[in-house]
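Structural overview
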Amino acid sequence: MALLLWDQHTCLPLQAGAEVDPLARYQRRGGALLSVNAGYSPHGFDDTVALLHHFRGAVQAHPGLELAATAEDVETIAGVDRTAVVFDLEDSRPVDDDLDNLAVLAELGVRTLLPTYNHANRAGSGCLDTQDGGLTSWGRSIVAELNNVGIVPDGSHCSARTGLGMCEVSTGPVIYSHSCMRSVWDHPRNITDEQARACAATGGVIGITGVGIFLGPNTPTLEAMTRHLEYAVDLVGIDHVGISSDYSFDYADFVEEFTRNPHLFDDSYTRWGTIQWMPPETLLMLADHLGRRGWRTDDIAAVLGRNFLRVAERAWRN
């Protein structure tokens, strides 16, 4: 049986001119949806719009990739074993303090957005802050407008209180696009059971990610990912768990960011040496791995892609 693979967050180099061909590594029977990052805290609105225009043009020109505007588009594209592409933003800095910009970003294919990236900004606190002030009034305004334009609020990289606040005020599903479970591995980027339950209560999904330092002591293996998946399923139910590789095709840029701004990353990012990511080729073996563990096909389909598709059907605007 061919199952949709929905990878809720993956990263190309954030540079106009970056190649999109690496996304073809996700090509598979059953098709795939890839949410590609198009900006985070260093980027303003103009930077992000330029990146989105570049990525969109490059995807349209690629024979194996296709832009998706609706959930129905995703099913159509995946139904012929092709790879659908949408975009996400890691931080509200690209909004440039203007809520009207969210409609523009939605029109350009942005489908999820994080209010904060690791550290506090006008919208709220980040997961690496020592003081958690939670979601601010501006952050609540952002969530309301995200609901209005069809962009899904995303709590990954946010502080616990910021994420909980998002779930309280959102009228639609809130997701954690690329976050693992803190009860399995105690890392500040991972989410608490309370956060997971609040996310599920909105109809949202937790995307267990393939980054080694979030899965365990730098272990990006299917076994490590499955520990988080099974814990999350037991905690919030099969309908509220998904996956995201968070794979860094822009690894060199990430290392440069580490080197240039070491104050932005604490030792929870550095103590195990070079960060290890789960490559697409390993993620593509997840369904078989879960099947060998005795998972039912319906449950594999839910976690592999159906749950995030349900969020899209509810939240995205046509």
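Each remark here, short or long, concerns the structure printed above.
This report concerns the structure included in the present document. (Residues numbered from 1 in each chain as written. Predicted model: local features only at pLDDT ≥ 70, side-chain atom pairs only at ≥ 80, totals over all residues. Heavy atoms only, no water.)

Thoughts on the layout of surface pockets
Space left empty within the atom packing is revealed by a probe, the size of a water molecule, rolled over the atoms. Where we set the bar: Using a grid of 1 Å spacing that covers the protein atoms alone, one calls a set of points a cavity when a 1.4 Å probe fits there but cannot get out, and a pocket when the set is open and has protein on both sides within 12 Å along at least five of seven lines; lining residues are those with an atom within 4 Å of a point. Grid points are joined across faces, edges and corners, and a volume is the space filled by probe spheres set on the points. By definition, any uninterrupted DSSP run of H or I lasting at least four residues is a helix, any uninterrupted run of E lasting at least two residues is a strand, and each is numbered from the N terminus. Here the nonpolar group is Ala, Val, Leu, Ile, Met, Phe, Trp, Tyr, Cys and Pro; Asp, Glu, Lys and Arg are the charged ones; every other residue, Gly included, is treated as polar.
Here the largest pocket is characterised by a volume of approximately 480 Å³. Along its surface, the largest pocket is lined by 29 residues, and Leu14, Tyr40, Tyr117, Asp250 and Phe254 are the ones closest to its centre. For the lining of the largest pocket, the secondary-structure elements that each account for two or more residues are β2 (32-40), α7 (212-215) and α9 (251-260). The element best represented in the lining of the largest pocket is α9, accounting for five residues. Across the lining of the largest pocket, the residue classes tally to 14 nonpolar, seven polar and eight charged.

A word on the packing of aromatic side chains
We count it as follows: A pair of aromatic rings is counted whenever rings of Phe, Tyr or Trp (Trp by its six-membered ring) have centres within 6.5 Å, and the orientation is called stacked for planes under 30 degrees apart, edge-to-face for over 60 and tilted otherwise. Note on exposure labels: buried denotes an accessible area under 20% of the residue type's maximum, exposed denotes more than 50%, and partly exposed covers the range between, all computed with a 1.4 Å probe on protein chains only. Look at NZ for Lys and CZ for Arg. If either is within 6 Å of the ring centre and within 35 degrees of the ring normal, a charge sits over the ring.
Considering all chains together, one arrives at eight aromatic pairs under this definition. Consider the rings of Trp6 and Phe308, whose centres lie 6.5 Å apart with planes at 25 degrees: the pair is stacked. Placement of the pair is Trp6 in strand β1 (residues 5-10) and Phe308 in helix α13 (residues 297-315), with a sequence separation of 302 residues. The pair formed by Trp6 and Phe308 is uniform in burial state, with each residue classed as buried. Where Tyr247 meets Phe249, the ring centres are 4.8 Å apart and the plane angle is 80 degrees; that geometry is what we call edge-to-face. Accessibility assignment for this pair places Tyr247 and Phe249 in one class, buried. In textbook terms, an aromatic cluster arises when at least three aromatic residues are bridged by ring pairs, as seen for Trp6, Phe308 and Trp316. Taking NZ or CZ as reference, Arg122 lies 4.0 Å from the ring centre of Trp138, over its face.

Things to note about the pattern of salt bridges
Definition in use: Within this document, salt bridges are pairs made up of a side-chain nitrogen of Lys or Arg and a carboxyl oxygen of Asp or Glu, the two lying within 4 Å of each other.
Scanning the model with the defined rule gives seven salt bridges in all. In this structure, the salt-bridge partner of Asp267 is Arg271, at a minimum N-O distance of 3.1 Å.

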